[in-house]
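In case you want the letters, here they are:
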Amino acid sequence: MSTVLSNFKTWKHFLADRVTQAKTIGLTEETIANLAFEIGSFLDEKVDPKNEEERVLKELWDVGDDEERKTVAKLMVKLVGNT
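All values reported here derive from a predicted model rather than from experimental measurement.

(A) Seen up close, helix α2 (residues 8-24). Here α2 is 17 residues long and its end C-alpha atoms lie 24 Å apart, about the 24 Å a rise of 1.5 Å per residue gives. For α2, the set of buried residues is F8, W11, L15, A16, V19 and A22. Along α2, the residues classed as buried sweep out an arc of 135° about the axis, all on the same side. The outward face of α2, more than 90 degrees from its buried face, is lined by the exposed residues K9, H13 and T24. If you check the start of α2, you find a side-chain oxygen 2.8 Å away from the backbone N of K9, and it comes from N7.

In structure tokens:
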């Protein structure tokens, strides 16, 4: 996982692949967003940001409440869906 997180472009590609897989097996957008929120929570608690982009995301995550964090998670899913 740390290799995937060392470069933001690599992380986005990894996340895009996971989102594609989730859609392929029939997960709804809401379920994917909920999973993204859970992953974001895990990363916030357990992983030190490896680059500037991740640091910004962590800072946004840390100042947000749960609804705002869910929005960040949805936006990350949307971002990688457009790559």
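What follows picks up the thread again.
(B) Expanded view of the packing of aromatic side chains. Here the structure, examined in full by the defined rule, presents two aromatic pairs. The ring of F14 carries R18 above its face, with NZ or CZ at 4.4 Å from the centroid.

Definitions and limits used
- Residues numbered from 1 in each chain as written.
- Predicted model: local features only at pLDDT ≥ 70, side-chain atom pairs only at ≥ 80, totals over all residues.
- Heavy atoms only, no water.
- Helix = DSSP H or I, 4+ residues; strand = E, 2+ residues; numbered from the N terminus.
- Expected span 1.5 Å × (residues − 1).
- Buried < 20%, exposed > 50% of the residue type's maximum accessible area, 1.4 Å probe, protein only.
- Arc of directions from axis to C-beta.
- Polar contact = N/O pair within 3.5 Å; in protein donor to acceptor, adjacent residues only side chain to side chain.
- Phe/Tyr/Trp six-rings, centres within 6.5 Å; stacked < 30°, edge-to-face > 60°.
- Lys NZ or Arg CZ within 6 Å of the ring centre and 35° of its normal.

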